[in-house]
Each structure stands twice: as C-alpha cells, then as structure tokens.
Amino acid sequence: MYRYDQFDEAFVRERVAQFRGQVARRIDGALTEDEFKPLRLKNGVYLQLHAYMLRIAIPYGTLSSVQLRQLALIGERYDRGYGHFTTRQNLQFNWPKLRDIPDILDLLADVGMHCIQTSGNCIRNTTADHFSGAAADEVEDPRPTAELIRQWSTMHPEFDYLPRKFKIAVTGAARDRAAIRAHDIGIQVVRHPVSGEVGYRLFVGGGLGRTPMIGKLVRDFLPKAHLLAYLQSLMRVYNLEGRRDNKYKARVKILVHEIGIEEFRARVEAEFAALDPAAIAADPDEVARIEAYFAAPAFATFPADSQRVVADRARDAAFDRWVETNTFPHRQPGYAAVTVSLKPVGGVPGDATSDQMRAVADLADAHSFGEIRVSHHQNLILPHVRQDELHALWTGLVAAGLAEANAGLITDIIACPGLDYCALATARSIPIAQAISRRFGSAERQREIGELGIKISGCINACGHHHVGHIGILGLEKSGQESYQVTLGGDATENAAIGQLLGPGITAEEVPDAIERLVGVYLAHRHDGETFAEAVRRLGIEPFKAGFLAPQPAEAAHAAA
Amino acid sequence: MPLLDAHGYRADPWRRIAAGEPATGDAVLVALADLPAVIAGRSNAQRIGVEVANTVRLPDLSAFLGQLDLVAIAFPAFNDGRAFSLARQLREAGFKGAVRAVGPVIADQFTHLVACGFDEVEVPDAIAARQPEAQWRGALASYGATYQTGYGAGASILERRRALRAGQGAAS
Ligand code: HEM
Ligand code: SF4
C-alpha cells in the first residue's frame, strides 16, 4: 500500500492548517459565503439537510487496517458511531459539527488520509478496480497509475476551478469492475497488440447525472510515460472550452457531445503535441518508488484449490453459500479475494458501525495482510485471503454481522442517501432498497435469481448509478408524491449501457412488486446459465415492459381490496 | 482597482486607454481590437499591454507577444478558471512580460495564480478591504511545495524527491 513520505505528509498538514485558517476567515468576514463555499467543498465539507456532511477520500478504494480503525474512532467521537461507504469508494460522515472538522482532518492526516477534492469543481478522488493487485485477469495493477494521478491532480494550480466536477477511474483488466465508461475519463491499462508494451486506453465524456452518457474512446494506446502530459492536455481543453453558462451542461461529456469526439480528440492532440511529455512525467525512479508500495504481499505457495475449504464447505451450508457468492478468484494460487457485504437484508446499503469497522480491521490483520478495499458497490473487500483461512474469517464476519452471502445478488443493492440525508433529493432511496432487500431476503431465492444489480438514486443526479443498473430505480417527486421510474438494461462494465425506461412512475409501495414481476419474466424466459443482464440483452426490453405494466392477478386483487 | 503582487499592494504604473483615446503615456493598457494600431504608432520605449477576456485564445495573441510587456486577463468571477490555462499557455509560448489577473480573485487563489504564470492581481476595492496584504502573503506561504512539475518557481515535490534520492545516492 502507498504510504506518505515526508512530502505527502507535509503537504496534507499544510492543507489542514490552510482550511483551519479559511474557517477562521469565514467567521471573521474576510471570506464571503460564496467565496468560502468552493474552499469548503474542496475539503469535502457539504451542507446537508440536517447537518454538515464530511466526505473522506479513500484513494482508489485502498485502506489499511490502521486507517480503518481511525475511521472507526472518528465515527465514534464525532459522528453517531457509524459511517457510510459510497459508490465513489469514499466514506461519508453524516453528522459532524463544522467546528470539529479541522480536528477530524488532523486525525485523518495522522494516518495518511484527507478529504481533499472529494467535492467541488475539481479533479475528484481517483477510483479503481477494487480487486486491483488481486484479480487473476489483470494486465497490471492499476493503483500505481491511480496514485500517480492522485498526486498530479492534487491541488493542480491550473485545474482547481474547472467548469464542473471531474472524475477519473482506472482499471487494469479488460473486465471492467471500475465503471470506467461512466467517468469523465476512464483509463484501461492495456498491452499493445503488436509491441507488447504496456500502456493505456482512454475514454472521455462518460457520466451519469441528468444527461447520462457512455464514455467515448479518445486514445487507443498511450505510452505510460505520456500519461500526465496527455491528461494535462485534455484537462486544458476542457478547462478552456467546457461550458460555464449552465451548470447542467458543464461536464466534459457535454463538450464532447457538442463538438464531437473527433474534434475533441484533435484539440487534445494539438495541445499534447505542443508539450514536452518528459518535462511533465514522473521520472522512472519516482514511478518505481510508487510501484514498490504496491508490490504483492509476501504470499506463500499453496495448491490452487484448498482441500480445507472443500471440507469446510461440505459440512457447513451457510459457509458454502458465502464462499460461492462472496469470494473472487485470486491471481495467487491458494488465495481468494473476499467481499464483505455491507448489505444485510433490510439494512442501509453501505453503512458500517465503528465496531464493524474495527472487526474488519482486525480480520484484515489476521487474514489479509492488513489490507482492505472499498468497492463502488458500497461493500468492503479483503483482497488477499488464504483459502485455508476462509472459514475462520467467515466465522469472524458472522460474529460482526457482516457475513451476508449476497455479493452481486439482488439484495446487493446500491443506493444513494436520498431524502433521508441529501438536500437535493426528490425521493427516498434507502427505504426502497430496504423494502426490496426484505422482499428477496431468502437465501435460496436470491441464489436462484443469480447475479442482478439494482441501483437506486433519490434524484436525477444519479449518485446511485441507476442508469447503469441492470434494474435502475430513480426517485422523483410528482405533485408532492414520490414517484419511482424503473429502467432496465443498464450496465456499468465493459458492455456499458444506459438503461431504458419501462413505463410510467410508480409509488414506493409498488416498487417491490414491480421488481418481482421483472424477475418473474426473467425466470420464465432464461436459458440455462443465463444471467439477468444476458437475458435482457437477448430478449430486449419488450417482454419486461409487458411484465412491468401488467400487475399479476393477485396484486390487482390486493390493490382492489 | 488596487493592484497587488507577491510583495504587496502597490501603485499601478499602467494607464488604461479607452477606445478612441490617444495611446499616450509610458505604459498603456489597451483592448485587443486597438492593439495593432497602438503597436504601429508606438513611441520610443513606450510599454504596451493588452487587456483581454478569458475567452480570447492563444492564437489571437501569438502574433503580438514579442511586442507586449503586459497581458491582463479578466476573471468575470473568481471561480471561472479559464484564465489559469490561458496564462499557462502564454508562459509555455515563451511570453516573458507580466501577466495580470483582473477581477474578483481571492487571496486563497494566489498560489495557483502565481504557479500558472500570473505576476500580479488587480482586485475590486471590496476584496482589497476584506483581504489585506497579509492574507495574500499568507496564502503564498501556505504551500511549501506542490506536486506539479513546471508550475511555479520552486521545485515540485517530484523534483525534491529526485534531489533527495540523488543526495542519498551520492552519500552512500
Ligand atoms: C449527500 C450529498 C450529495 C450531493 C449533494 C451530491 C450531489 C451530486 C450532484 C449534483 C451530482 C450530479 C452531477 C452532474 O450531473 O454533473 C452527483 C452525481 C454523482 N454523485 Fe453525488 N451527491 C451526494 C452524495 C453522493 C454519494 C453518497 C455518492 C456515492 C454513493 C455520490 C456519488 C455520485 C456519483 C457516482 C454521481 C454520478 C456520476 C457522475 O458523476 O456523472 N454522491 N452528485
Ligand atoms: S442522487 Fe440525488 S438524492 Fe441521491 S445523493 Fe445524489 S443528489 Fe442526493
């Protein structure tokens, strides 16, 4: 894992001192509220419905056990004993007091963390595949690249007052688990088909929100050493030409859409041609320094499949189910990557109590080289677990209430904070997630349905990624009533697609039945081994539309009664 | 409007020339449209500056850069960041004169402004009143080093690491 050196440490301490000063200058009137707002946002401080909210950056979703324990402490001391993991691999505290925030920032700096650029019109926290460095299918661990981008983008003098927020995601595998085409820039580490050189493929102009768009290919192959110069060129084109007259048209996706990807690419390349990449790039020693932090931990050599796990699974059905859904193939024989579900049936997606954070930190120390990841599915990951130890780990998770066997299943729901916390919300999203989760809570039922991603947003801003959910749910407000639009066929992976609307909005109470009907159509039509998403791709939206619009007789009777 | 550079507030030696007004004086600041005529009629040793909107692009200015002592770029609002890129482009194109930010920029942006190639800022009276010199100097002092190589005079964090490695290499 990356660890701050003296320069990173000094830089972050300076930022805490700077923010302390800015808070003081806001209070004494040197800064107006309008001037203070972007400065506060750049430090992750939002003003929400009930309180301030603090968003903590977890760069590329990687955490150490020491850092997670510190988050537990902050949650206990300054919040209500829990934190909320988000789809941006960040952690949010919903109840801190403004006057406590500089102290919280100090506690974060003590463990090499910060809130810098988790909000505001700047380059946000860079996200990455949560299985980085563990996945068997990776060309290369994307985290050294993400860390380089983190440093380069931190308080970039030229790009701190962009037209709008800017999000970069990186994946090291062809199988996209980082939703790179839903980001302003998506970066895929690739091997050149002819030379074999490792470099990057870049997409630009993805984004969700009120105008969802899938990122477009802007550069098929970029040598690694050119990355920062290319990013500088692209950001410069956006900073100069991105629209500033209308905040809803200010994202780079709109610029790319309006001038076309060819013209956009030509402008970036013209800017790039005028730069000297070597003068901007990190030198090879610096790249090697960063890479060294991400070297594989001291794995031992084991057979690919642990006999112990086979035996444990045979005698413990609950463990067997959990292994089936919540483990992921590891590049190192005899190891597995584990998803720690933050989606207990009927619970709040992404919430973890301070006690649970400590439990995960302890389990990471015991079984995963002290390393934890946050996934954009709002779950935690223990990336490097010896298969022989899976049962011991699972036993610990059961004790902490964290052993739900539902990774990737219908109750593994992504939901934004919605009307329970968010000032922009038009409807609730957490209670909708809870209702669906309860409806499909049976372990057998979930397994029978198989892989299915439901994503819920409480307003058109799409923080819950509903556009790219296999089933997407968007909460709106219609004449004082919550109204939920349901979409189908979204996809956040390398097959990125925006979901299509199934029909008119429905009430909160109707949502679980509607999901039930969609699942019914799938179960009735699926081929052997075909997932929900695959079935939707094959069948198209029509059969599902029909199912969505036609309540079952039992429901109709129920509604009439 | 008050003028300020890294040393503090100071008198402005530049005279703004309105459209149609004769461009007389030691240092004249003119609009882009008037620039060719003013350069053509330049008196000996007269310094000429141009004042532009942040929507002006480098190619609009390139032909004149060798003749100019000052480029003043407007900030319609402090959070309209286009001028940061324009200033950088001027510097990368080799412009050696002064670059000025004109508008409601705030002290908290001073480090970024300087790093992108601005030398001075001309701010509205209200901002000068709320943000005295000490706050601008304080803002500059609030950054020891930044990560971006080539922005600002000091060595970047990457360059400092390199120097440290070289030092360690030499010592061992
Ligand atoms: C609670 C306070 C929050 C506020 C005020 C807020 C605000 C917004 C706004 C205004 C947008 C639309 C941006 C655009 O269309 O240009 C947006 C998008 C987004 N936000 Fe949030 N958000 C909040 C919480 C969250 C949370 C908790 C998450 C993660 C779970 C999140 C992740 C995202 C993502 C992934 C997008 C859409 C992707 C994109 O950038 O296009 N936000 N947010
Ligand atoms: S989608 Fe809307 S309701 Fe949900 S967190 Fe984002 S802004 Fe708030």
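Residues numbered from 1 in each chain as written. Chains lettered and ligands numbered in written order. Predicted model: local features only at pLDDT ≥ 70, side-chain atom pairs only at ≥ 80, totals over all residues. Heavy atoms only, no water.

When its secondary structure is counted, chain B shows seven helices and eight strands. Projected onto its principal axes, the C-alpha coordinates of chain B cover approximately 65 × 35 × 30 Å. Counting contacts in chain B only where the partners sit at least 6 residues apart, residues at least 24 apart contribute 53% of the total. Roughly 7200 Å² of accessible area belongs to chain B as shown, and the carbon and sulfur atoms make up 57% of that amount. (Helix = DSSP H or I, 4+ residues; strand = E, 2+ residues; numbered from the N terminus. Contact = heavy atoms within 4.5 Å. Areas by Shrake-Rupley, 256 points an atom, 1.4 Å probe, with all protein chains shown as cover.)

Let's shift gears to the coordination of the iron atom of ligand 1. You will see that the iron atom of ligand 1 has only one donor from the protein, A:Cys463 (SG), lying 2.1 Å away. Along the polypeptide, A:Cys463 turns up in the loop between β17 (454–457) and β18 (471–478). (Donors = N, O, S within 2.8 Å, 3.2 Å for Na, K, Ca; no water.)

Another aspect to go through is the confidence of the model for chain A. Taken as a whole, chain A shows an average pLDDT of 93; of its residues, 98% reach a score of 70 or greater. Counting interchain partners and residues more than four positions distant, the pLDDT-below-50 stretch residues 556–561 of chain A has zero contacts. (pLDDT = per-residue confidence, 0-100.)

Residue and element names in this part refer to chain A. Along the chain, Arg-447 turns up in helix α16 (residues 443–449). With relative accessibility at 34%, the residue Arg-447 sits in the partly exposed group. In the structure, Arg-447 is positioned 341 residues away from Asp-106 in sequence and 45 Å away in space, judged by C-alpha atoms. Excluding residues within four positions of it along the chain, Arg-447 makes contact with Arg-321, Glu-324 and Leu-409. (Buried < 20%, exposed > 50% of the residue type's maximum accessible area, 1.4 Å probe, protein only.)

Okay, the site of ligand 1 next. Residue and element names in this part refer to chain A. Among the 22 residues in the neighbourhood of ligand 1, the closest are listed as Thr-87, Lys-165, Lys-167, Leu-208 and Cys-463. In this structure, Lys-165 approaches ligand 1 through a side-chain N or O atom, which is 3.3 Å from a nitrogen atom. For the shell around ligand 1, the residue count by class is eight nonpolar, eight polar and six charged. (Near = heavy atom within 4 Å. Polar contact = N/O pair within 3.5 Å; in protein donor to acceptor, adjacent residues only side chain to side chain. Nonpolar A, V, L, I, M, F, W, Y, C, P; charged D, E, K, R; others polar.)

Our next topic: the pairing of strand β4 (residues 82–85) of chain A. All names here are of chain A. Of the two faces of β4, the one carrying Tyr-82 and His-84 and the one carrying Gly-83 and Phe-85 are both buried. Bridging between β4 and strand β13 (residues 351–353) involves three bridges; their strand directions are antiparallel. Looking across to β13, one finds that Gly-83 is bridged to Ala-352. Summarising the sheet, β4 and strand β5 (residues 91–93) pair through two bridges and their orientation is antiparallel. (Pairing = 2+ DSSP bridges.)

Here we take up the environment of A:Ala128. All names here are of chain A. Within the element layout of this structure, Ala-128 appears in strand β6 (residues 127–128). Of the residues examined, Ala-128 reaches a relative accessible area of 2% and is grouped as buried. Beyond its immediate sequence surroundings of up to four residues, Ala-128 is in contact with Tyr-60, Gln-89, Val-170 and Ala-178.

Okay, the domain arrangement of chain A next. Residue and element names in this part refer to chain A. The assigned domain composition of chain A is domain 1 (6–110), domain 2 (134–292), domain 3 (307–399) and domain 4 (414–560). Computed over C-alpha atoms only, the centres of domain 1 and domain 2 are separated by 26 Å. Listed as interface residues are nine residues of domain 1 and, on the opposing side, 11 residues of domain 2. Of the roughly 920 Å² buried where domain 1 meets domain 2, counting both sides, 59% is carbon and sulfur surface. Looking at the side of domain 1 facing domain 2, the largest losses of area belong to Lys-42, Tyr-60 and Arg-88, adding up to 55% of the total buried there. The interface formed by domain 1 and domain 2 contains two salt bridges. With a closest N to O distance of 3.8 Å, Asp-8 and Arg-150 form a salt bridge. Among the secondary structure elements, those contributing two or more residues to the side of domain 1 that touches domain 2 are α1 (6–27) and α2 (33–42). Ranked by the residues each element gives to the side of domain 1 that touches domain 2, the list is headed by α1, at three residues. (Domains from an automatic or database assignment. Buried area = accessible area lost by both parts, 1.4 Å probe. Salt bridge = Lys/Arg side-chain N within 4 Å of Asp/Glu carboxyl O.)

Our next topic: the pairing of strand β6 (residues 70–74) of chain B. Residue and element names in this part refer to chain B. Among the five residues that make up β6, four are buried, leaving the element largely enclosed by the rest of the structure. Here strand β5 (residues 47–52) pairs with β6 via four bridges, running parallel. Across the sheet, residue Gly-49 finds its bridge partner in β6, namely Leu-70. As paired elements, β6 and strand β7 (residues 98–102) share five bridges and run parallel to each other. Note that in β7 the partner of Ala-74 across the bridge is Val-102. Where the polypeptide runs from β6 across helix α3 (residues 82–92) and back to β7, its parallel neighbour, the crossover connection is right-handed. (Right-handed = clockwise from strand over helix to strand, strands pointing away.)

Turning next to the interface of chain A and chain B. Contact residues are listed per partner, giving 45 residues for chain A and 39 residues for chain B. When the buried area of chain A at its contact with chain B is split by residue, A:Pro157, A:Tyr161 and A:Leu240 rank highest and sum to 20% of it. A salt bridge links A:Arg244 to B:Asp80; its shortest N-O distance comes to 3.4 Å. One can count 30 residue pairs in polar contact (both at pLDDT 80 or more) joining chain A with chain B. Among the elements of the structure, α1, α2, α5 (143–153), α6 (227–241) and α10 (284–293) of chain A are those that each provide at least two residues to the side of chain A that touches chain B. Among the elements that make up the side of chain A that touches chain B, the one with the highest residue count is α1(A) (nine residues).

Compared with the 20 Å implied by 1.5 Å per residue over 14 residues, the 20 Å span of helix α3 (residues 65–78) of chain A between its first and last C-alpha is a close match. Turning to α3(A), its buried residues are A:Ser65, A:Gln67, A:Leu68, A:Gln70, A:Leu71, A:Ala72, A:Ile74, A:Gly75 and A:Tyr78. (Expected span 1.5 Å × (residues − 1).)

The subject of this paragraph is unusual backbone geometry. All names here are of chain A. Backbone geometry at Gln-117 places phi at a positive 60°, although glycine is not the residue there. Tracing the backbone shows Gln-117 in the loop between α4 (101–110) and β6. When its relative accessible area of 3% is taken as the criterion, Gln-117 is described as buried. Despite not being glycine, Ser-479 has its phi angle at roughly 40°, a positive value. Looking at where Ser-479 falls in the secondary structure, it is placed in the loop between β18 and β19 (481–488).

Let's shift gears to the packing of α5(A) against α10(A). Residue and element names in this part refer to chain A. Between α5 and α10, the least distance of the axes is 9 Å, while the angle of their chain directions is 120°. Our classification of the angle between α5 and α10 gives oblique. Helix-helix and strand crossings are classified by hand; for α5 and α10 the assignment is right-handed. Residues Pro-144, Glu-147, Leu-148 and Gln-151 of α5 form the contact with α10, whose participating residues are Glu-286, Arg-289, Ile-290 and Glu-291. Grouping the constituent residues of the contact of α5 with α10 by class yields three nonpolar, one polar and four charged. (Axes fitted to C-alpha atoms, helices over the stretch in contact; angles between N-to-C directions. Parallel < 35°, antiparallel > 145°, perpendicular 65-115°, else oblique. Left-handed = near helix turned anticlockwise from the far one by under 90°.)

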